[in-house]
Amino acid sequence: MKKEIKGAIFDMDGVLFDSEALWQRFWKEAAEKRGITLPEQFKKDICGSGGDLMNAVVKKYYQVEDGWPIMMEVFDHLQNYLKDHYPEEKPGLHEILKDLKDSGFRIAVASSSTHEMIERNLTHYHVRDYFDNITSGSEVKQGKPAPDIFLLAAERLGLPPEECYVFEDAYNGIRAASAAGANPVMVVDQVEPDETIRALCFYVAHSLTEADQLLLK
């Protein structure tokens, strides 16, 4: 346990649950319907984004003047799917949360997803009680890669950001955590870190289990 770090802030999609893969599935379907093949760079640009940044990414890759209709289409498809399904939990989810809590950490979720969706997933997998607070993207003016969501989550934990790990899978999330002055831990999901992103990370793990073993044991 790193004595100087007292907080752990988790992104949700792609870190706690395998929901980022669902986002990518519906982004791909929306592109194929329009005769577009999305390059690998799309994942790096779209993951962890929201609001105006997501709109800009969609405009670029879908070659449209306004990305909002496509964003709403993808979001509606995801919401309809999740009415009857839950994203799978990531291996090691319960273990890392228990180890963090047992080590005295304060724990939060900071996700661009809606508060309702965050609560739904945490409750379904019986991990809600591990978290001291939840911050959703709708509660801040600027989404990732701006640091706003992590600054607010740390404030709610009663900790300075430099005393918090931030567990993220997305380039935009790592940039946001770094800009907040926190300690970014990349849990690799859809994309591997390039040299620039790796340089921003406190640590890079390929699973929650690996992060747990190296940061807490």
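It should be emphasised that the depicted structure is a prediction, and the values quoted were computed from it without experimental measurement. (Residues numbered from 1 in each chain as written. Predicted model: local features only at pLDDT ≥ 70, side-chain atom pairs only at ≥ 80, totals over all residues. Heavy atoms only, no water.)

Q: I'd like to hear about the overall build of the protein chain, residue by residue, with values.
A: Across its full length, the protein chain carries 10 helices and six strands. For 217 residues, the compact-globule estimate of 2.2 N^0.38 gives 17 Å, and the protein chain sits close to it at 17 Å. Seen through its C-alpha atoms, the protein chain measures out along the principal axes to roughly 50 × 40 × 30 Å. Within the span of the protein chain, comprising 217 residues, buried residues form 53% of the whole. For the protein chain, contacts bridging at least 24 residues in sequence account for 61% of all contacts bridging at least 6. Of the accessible surface of the protein chain, which amounts to about 10,000 Å², a share of 49% is contributed by carbon and sulfur atoms. Counting 24 positive and 37 negative side-chain charges, the protein chain places the averaged centre of each group 1 Å from the other. (Helix = DSSP H or I, 4+ residues; strand = E, 2+ residues; numbered from the N terminus. Rg over C-alpha atoms; globule rule 2.2 N^0.38 Å. Buried < 20%, exposed > 50% of the residue type's maximum accessible area, 1.4 Å probe, protein only. Contact = heavy atoms within 4.5 Å. Areas by Shrake-Rupley, 256 points an atom, 1.4 Å probe, with all protein chains shown as cover. Lys, Arg positive; Asp, Glu negative; His and termini not counted. Charge placed at Lys NZ, Arg CZ, Asp CG, Glu CD.)

Q: Any details on unusual backbone geometry? Residues and values, ideally.
A: Put simply, Lys-144 and Pro-145 share a cis peptide bond, and its omega is 15°. Along the chain, Pro-145 turns up in the loop between strand 3 (133-136) and helix 7 (148-157). With a phi angle near 55°, Gln-63 is a residue other than glycine that sits in the positive phi range. On the accessibility criterion, Gln-63 (65% relative accessible area) is exposed.

Q: Help me get a handle on the side chain of Asp-45, residues and values and all.
A: Within the secondary structure layout, Asp-45 lies in helix 2 (residues 40-46). The side chain of Asp-45 sits in the buried core without any salt bridge; Lys-60 is the nearest counter-charge, 4.2 Å away. Within the structure, Asp-45 has its side chain in polar contact with the side chain of Gln-41 (distance 3.0 Å). If near-sequence neighbours (up to four positions away) are discounted, Asp-45 is found in contact with Val-57, Lys-60, Tyr-61 and Asn-172. (Salt bridge = Lys/Arg side-chain N within 4 Å of Asp/Glu carboxyl O. Polar contact = N/O pair within 3.5 Å; in protein donor to acceptor, adjacent residues only side chain to side chain.)

Q: Outline the nonpolar core, supporting the account with residue identities and numerical values.
A: Core analysis: the biggest nonpolar cluster contains 52 residues, and Phe-10, Trp-27, Tyr-62, Phe-131 and Phe-167 have the highest contact counts within it. It is helix 1 (residues 20-33) that contributes the most residues to this core, six residues altogether. Sequence-distant contacts of Tyr-62, defined by excluding residues within four places in its chain, comprise Trp-27, Lys-28, Ala-30, Ala-31, Arg-34, Ile-36, Leu-38, Phe-42 and Ile-70. Residues Ile-9, Ala-110, Leu-152 and Ala-176 belong to the second largest nonpolar core, which totals 17 residues. (Core = buried A, V, L, I, M, F, W, Y, C linked by side-chain atoms within 4.5 Å.)

Q: Just give me the short version of the pattern of salt bridges, but keep the residues and values in it.
A: According to the stated counting rule, one finds 12 salt bridges in the structure shown. Across the pair Glu-73 and Lys-33 runs a salt bridge whose closest N-O atoms are separated by 3.0 Å. Taken together, the residues span a long stretch of sequence, with Glu-73 in helix 4 (residues 68-82) and Lys-33 in helix 1 at a distance of 40 residues. For Lys-43, the salt bridge identified is with Glu-40, shortest N-O distance 4.0 Å. Taken together, the positions of Lys-43 and Glu-40, both in helix 2 and three residues apart, correspond to about one turn of that helix. Under the relative-accessibility criterion, Lys-43 is labelled partly exposed at 22%. Here Glu-40 falls in the partly exposed class, since its relative accessible area comes to 47%. A single salt-bridge network, built from bridges that share partners, covers Asp-11, Lys-144 and Glu-168.

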